[in-house]
Amino acid sequence: MINKLSALLNAAKISLSDQQKQQLVAYVELLHKWNKAYNLTSVRDPQQMLVRHILDSIVVEPHLQGERFIDVGTGPGLPGIPLAIVRPQAHFTLLDSLGKRVRFLRQVQHELGLNNVTPVQSRVEDFPAEPPFDGVISRAFASLNDMVSWCHHLPAAHGSFYALKGVRPDDEIATLPAGFILDAVIELKVPELEGERHLVVIKRQ
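The structure displayed is predicted, hence computed values, not measured ones. (Residues numbered from 1 in each chain as written. Predicted model: local features only at pLDDT ≥ 70, side-chain atom pairs only at ≥ 80, totals over all residues. Heavy atoms only, no water.)

1. Quick notes on the UniProt feature "binding site: S-adenosyl-L-methionine" (unreviewed entry) in the protein chain
- The UniProt record marks Gly73, Leu78, Val124, Glu125 and Arg139 with the feature "binding site: S-adenosyl-L-methionine" (unreviewed entry), using the residue numbering of this structure.
- Secondary-structure assignment places Gly73 in the loop between strand 1 (68-72) and helix 4 (80-86).
- On the accessibility criterion, Gly73 (29% relative accessible area) is partly exposed.
- Dropping the residues within four chain positions of it, Gly73 is found in contact with Leu95, Asp96 and Phe141.
- Along the polypeptide, Val124 turns up in the loop between strand 3 (117-121) and strand 4 (133-139).
- A residue is classified by how much of its surface remains accessible, and Val124, at 8% relative accessible area, is buried.
- Excluding residues within four positions of it along the chain, Val124 makes contact with Val72, Leu95, Phe141, Trp150, Cys151, His153 and Leu154. (UniProt positions renumbered as here; feature names shortened; annotations may be inferred. Helix = DSSP H or I, 4+ residues; strand = E, 2+ residues; numbered from the N terminus. Buried < 20%, exposed > 50% of the residue type's maximum accessible area, 1.4 Å probe, protein only. Contact = heavy atoms within 4.5 Å.)

2. Quick look at unusual backbone geometry
- Put simply, Leu78 and Pro79 share a cis peptide bond, and its omega is 5°.
- Residue position: Pro79 is located in the loop between strand 1 and helix 4.
- Cis rather than trans, the peptide bond between Glu130 and Pro131 has omega equal to -5°.
- One can find Pro131 in the loop between strand 3 and strand 4.
- For Lys13, which is not glycine, the phi torsion reads 60° and is therefore positive.
- Checked against the element boundaries, Lys13 lands in the loop between helix 1 (2-11) and helix 2 (18-38).
- Here Ala140, not a glycine, exhibits a phi torsion of approximately 55°, which is positive.

In structure tokens:
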């Protein structure tokens, strides 16, 4: 697993410490183990998890600005856990409404010794952002319109929304509600992953 991960990181031109690699592999092993009972992801093969969950999450890291982030609809911790491992100086709140997922996240936090994550069980519209966040991150969570509508109270005035998308969602970008503007659409390259990946960055007007 470490060798496979190292090869993927080299292909993506991402440099990580041995400890970070071990934490990412340990996370995949926990995800694989708990998946049997908790049904956390449709990806069953740990080697595929390295591509479709780990690399797919951490290619976003260079584009994030700030120190405090919230991962809304985090599920089993994606992309929040991999990002917290590769960006230890930042803090990630991991928000999900399902108790079983949050229990899994607390176990991951404990076993991996991650002191820069806070798992929270809440609906996003009920969660108070005090203080507000530098970035609101989502992966396969909702349309851009729903994301900014449900999460409008979460980012600071200078903060951004970061939506991890597959194909470039031009139709969603065209129908952003008033008060929000497109800041950037960044094409992401994920080694061994079929299909397109884009990061859509939205700011308040």
